[in-house]
2 protein chains.
Amino acid sequence: MNYFVGIDIGGTNVEIGILNAQGDILGKESIKTESKKGAEDTFNRIWNKTKELAEKLKIKVEDIEAIGLGIPGPVVNNSVVKIAANFSWNNDFPAKDLMEKVTGKPVKVGNDVKVIALGETLFGAGKGYKNSITIPIGTGIAAGIIIDGKILEGAGGAAGEFGHVVVNKEGYKCGCGLTGCLETYCSATGIVREGRRRLELDKNNALYEVIGGDLEKLEAKHIFDLAKKGDKFSSEIVDFFCEKLAEGVGMLLNIINPEIIIFTGGVARAGEIITDGVKKYLPKYALGMTMENLIFTFGKLEEEAGIKGAAALVMNK
Amino acid sequence: MNYFVGIDIGGTNVEIGILNAQGDILGKESIKTESKKGAEDTFNRIWNKTKELAEKLKIKVEDIEAIGLGIPGPVVNNSVVKIAANFSWNNDFPAKDLMEKVTGKPVKVGNDVKVIALGETLFGAGKGYKNSITIPIGTGIAAGIIIDGKILEGAGGAAGEFGHVVVNKEGYKCGCGLTGCLETYCSATGIVREGRRRLELDKNNALYEVIGGDLEKLEAKHIFDLAKKGDKFSSEIVDFFCEKLAEGVGMLLNIINPEIIIFTGGVARAGEIITDGVKKYLPKYALGMTMENLIFTFGKLEEEAGIKGAAALVMNK
């Protein structure tokens, strides 16, 4: 028997899974990233936890064939992380080399969003579709683009940086340095900012009550939950969010013309209120023929998408 | 010896070329499309002209291995033209079947822009690059996206409809039905409209003189030529054009992250004044890492791109 390891390294936690050749997760573990201790320390702790997990599953370490690693930031040649912004590690971080040194196994590295897209495409909501776009919406927003079953990497690993298309050049400054990026509107951070902006002007509403008048407490979930109950004030914020998202999705449709769009991530848990809103505004931003047979759906794998997609980097899929 | 035919069908003219297996055009011919006479009539005239050309080149018709066809409109499965807007033919026009019936040869059909991109990539300015975007700017604007050496078709043949990304939802109505498409600014039609708009407000300038005060006479070339001579009024129009183009190109960079951008078509003949302007504004619209090793250049093949790209559809390239 041969086994594969899928690892999803985030800024805070690392998710580790051991999979069989069919892509089933046989067991999984989680550790803290604690990137400040240095990459070598984190990678050694990941490998120790993986070996522990293997032992628990009665899998011999020598039967682990290869390791796939998902990590935030643009990844070049399945090997180097160009900008390791979420970590205390340097740019041009040689993730593959280090992991191979630590484990003695063949390793491939992929950008976290692309890896999630691969997971959803091979094992989740995109199964059976050759041209999908997976859009995780959480703290930020990005797009994992799958063409003919393959991840679109881009020349420098930066394909799918969809959160940074500019939708309002007079808009908010974005963390990336640009102004008016889609992400400044269509993310948890974005919708919370818009909510706060409106709450500062209008305090006579259910949203203000729910957070007890403390704007610092506002979360995306408060807004979506009230909007689903029909609250007008919150519905207008969601509507604004959905129109901006439709503007971005329209660009993807006119440029890529995918078969299926898969929303995933924390904000996407709000569900059909998002796809309904996007569908309402999309005819303003997308050519009719790109919407004809288009499917909107949600990720199925939740946090397992990262593990499965990472493992898929090194499986023969 | 085996030979290939590349055919570029436009709304007005059809360009026909016979190529050897290396992709060299051995001879070419042109006929009027006259689509009103019906598709069968046009296709028969194309094939008669092709046979004439073969005879002139002392090539036996039986040595013609296959035929590639470039045509405007979204093409599905290298076979059917979904919307044949530039012709008097019906939608879902079975171009491949008809051409195979007329010629008895294997035929593949491609969208004209995608075919030009393929031509430039295999034989022209994009040679040696696996991830290129060719942007023809003429009456309209579109993008032929090449990923890993293959044309990005899209689920319904509509990938690369870059001219219809919305850059100003309060802007001009576009022929496609949407409002504020990139094409309403970044095309010959777009820059002429902007020029006329400004000339109506200000007649005391060199551009007004050049066209003898007749706004109907204004062409994109007048504006670019005067801008190149340093004329302030025209330079401002070009600057406006370039910023909008940079906005669109920025989207392509953040979504696709290509190695090389190739401008081609009538308007692109204006040359470096366009790439200089785009480069000036691009840092407002594209992530730094997408611009790092990016090359801007111009198409090399002119009208031969369509013939060579069409032939490439059926060659082993």
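As the structure is a prediction and not an experimental result, all values here were calculated from the model.

(A) Highlighting the relation of the copies chain B and chain A. The transform that puts chain B on chain A rotates by 180° and translates by 0.0 Å along the axis, for an RMSD of 0.0 Å. Given the turn and translation reported, the copies of this chain are related as if by a two-fold rotation axis. When the interface residues of chain B are mapped onto chain A, 100% of them again lie at the interface, so the same face is used by both copies.

(B) Geometry of the side chain of T264 of chain A. Residue and element names in this part refer to chain A. On the secondary structure map, T264 appears in strand β11 (residues 260-264). A relative accessible area of 12% means that T264 is categorised as buried. In this structure, T264 is in contact with I116, T134, I135, P136, I137 and G299, ignoring residues within four places of it in sequence.

(C) How the structure looks around helix α7 (residues 232-256) of chain B. All names here are of chain B. Here α7 contains 25 residues, and its C-alpha end-to-end distance of 35 Å stays within 8% of the 36 Å for a straight helix at 1.5 Å per residue. By the criterion of burial, α7 is predominantly enclosed, with 20 of the 25 residues buried. Residue N257 follows α7 closely and has a positive phi angle near 55°.

(D) Inspection of the pattern of salt bridges at higher detail. Tallied over the entire structure, the rule returns 40 salt bridges over all chains. Here E243 of chain A makes a salt bridge to K284 of chain A, at a shortest N to O gap of 2.9 Å. Here K284 of chain A lies in the loop between α8 (272-281) and α9 (288-291) and E243 of chain A lies in helix α7 (residues 232-256), a separation of 41 residues in the sequence. Here E243 of chain A falls in the buried class, since its relative accessible area comes to 13%. Of the charged contacts in the structure, one is a salt bridge between E194 of chain B and R197 of chain B, with a shortest N-O distance of 2.9 Å. With E194 of chain B and R197 of chain B both in helix α4 (residues 188-201), this residue pair falls three residues apart, about one helical turn. Taken together, the shared-partner salt bridges connect E34, K37, D41 and R45 of chain A into one network.

Rules used throughout
Residues numbered from 1 in each chain as written. Chains lettered and ligands numbered in written order. Predicted model: local features only at pLDDT ≥ 70, side-chain atom pairs only at ≥ 80, totals over all residues. Heavy atoms only, no water. Least-squares fit on C-alpha atoms with pLDDT ≥ 70 in both. Contact = heavy atoms within 4.5 Å. Helix = DSSP H or I, 4+ residues; strand = E, 2+ residues; numbered from the N terminus. Buried < 20%, exposed > 50% of the residue type's maximum accessible area, 1.4 Å probe, protein only. Expected span 1.5 Å × (residues − 1). Salt bridge = Lys/Arg side-chain N within 4 Å of Asp/Glu carboxyl O.

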